[in-house]
Amino acid sequence: MIKAVMMMNTQGKPRLAKFYDFLPVEKQQELIRGVFSVLSSRPENVSNFLEIDSLFGPDSRLVYKHYATLYFVLVFDGSENELAMLDLIQVLVETLDKCFSNVCELDIVFNYSKMHTVLDEIVFGGQVLETRSDEVMKAVEEISKLEAASNSISLVPKSVSGWRGGR
């Protein structure tokens, strides 16, 4: 099971953090700081896989990928395959690139809702739902259409909204 998905910049500011087990906000912040501390102290030429039992408990692993100014991080237990998790990060990044045409940190900051929609189409409740970027994009586009349609629906029919009453 996936325990957490994090995106943080190279200064350690979390841009997206989603935990799939309930944790108080203080504990989440402590874990984010701990993960960044570990990642920022690692040289570029070492493995992207870590045992992270000290932060997330027994049988916890972490895989990360560093793109430009962002770290993409997945924390998971022993039931998940490390290479599959690294590939999942690639799927997430590819999908975000399709959404924002070359995703950057500002896209994540200013499109927070869309980021969560994309992530929820890939991982939900700690379980991987979809690993094909094209399928994720179709679902995200459908959700965007539904949101646009629901925003344009008036709750008051036009025939009633023009009524002034009392004549």
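Structure report, in brief. Quantities reported herein were computed from a predicted structural model and do not represent experimental measurements.

1. Concerning the environment of M1
Piece 1. Looking at the element boundaries, M1 is found in the segment before β1 (2–9).
Piece 2. Exposure remark for M1: the relative accessible area of 25% places this residue in the partly exposed category.
Piece 3. With 126 residues separating them in the primary sequence, M1 and Q127 have C-alpha atoms 5.9 Å apart.
Piece 4. Not counting residues up to four positions away in its chain, the partners in contact with M1 are Y20, D21, F76, D77, S79, E80, G125, G126 and Q127.

2. Digging into the packing of aromatic side chains
The description of two aromatic rings rests on the distance between their centres and on the angle between their planes.
Piece 1. With the rule as written, the count across this model stands at three aromatic pairs.
Piece 2. Each ring, one from F36 and one from Y71, has its centre 6.4 Å from the other, and the planes form 75°; the classification is edge-to-face. In this pair, F36 sits in helix α1 (residues 25–40) while Y71 sits in strand β5 (residues 70–77), placing the two residues 35 residues apart along the sequence. The same class applies to F36 as to Y71, namely buried.
Piece 3. Look at Y64 and Y71: their rings are 6.2 Å apart centre to centre, the planes differ by 65°, and that puts the pair in the edge-to-face class.
Piece 4. On the basis of relative accessible area, Y71 is assigned to the buried category, the value being 7%.
Piece 5. Feature note: the residues F36, Y64 and Y71 constitute an aromatic cluster, connected by ring pairs.

3. Concerning the packing of helix α3 (residues 82–100) against helix α5 (residues 112–122)
Piece 1. Close contact between α3 and α5 brings their axes to 11 Å; oriented N to C, the two are set at 140°. If you check the angle between α3 and α5, you find them oblique. α5 is crossed by α3, and the crossing has right-handed handedness. On α5, the residues that touch L88, V91, L92, T95, L96, C99 and F100 of α3 are K114, M115, V118 and I122.
Piece 2. Of the residues assigned to the contact of α3 with α5, the class counts are nine nonpolar, one polar and one charged.

4. What about the nonpolar core?
Piece 1. Core analysis: the largest hydrophobic core is formed by 29 residues, its most contacted members being I2, M7, F72, L74, L96, V118 and I122.
Piece 2. At the level of secondary structure, the elements contributing two or more residues to this core comprise β1, β5, α3, α5 and α6 (133–152).
Piece 3. The greatest single-element share of this core, amounting to nine residues, is contributed by α3.
Piece 4. Residues within four places of V118 in sequence aside, it is in contact with L92, T95, L96, C99, V136 and V140.
Piece 5. Listed in part, the 17 residues of the second largest apolar core include M6, L39, I52 and Y71.

Cut-off values and rules
Residues numbered from 1 in each chain as written. Predicted model: local features only at pLDDT ≥ 70, side-chain atom pairs only at ≥ 80, totals over all residues. Heavy atoms only, no water. Helix = DSSP H or I, 4+ residues; strand = E, 2+ residues; numbered from the N terminus. Buried < 20%, exposed > 50% of the residue type's maximum accessible area, 1.4 Å probe, protein only. Contact = heavy atoms within 4.5 Å. Phe/Tyr/Trp six-rings, centres within 6.5 Å; stacked < 30°, edge-to-face > 60°. Axes fitted to C-alpha atoms, helices over the stretch in contact; angles between N-to-C directions. Parallel < 35°, antiparallel > 145°, perpendicular 65-115°, else oblique. Left-handed = near helix turned anticlockwise from the far one by under 90°. Nonpolar A, V, L, I, M, F, W, Y, C, P; charged D, E, K, R; others polar. Core = buried A, V, L, I, M, F, W, Y, C linked by side-chain atoms within 4.5 Å.

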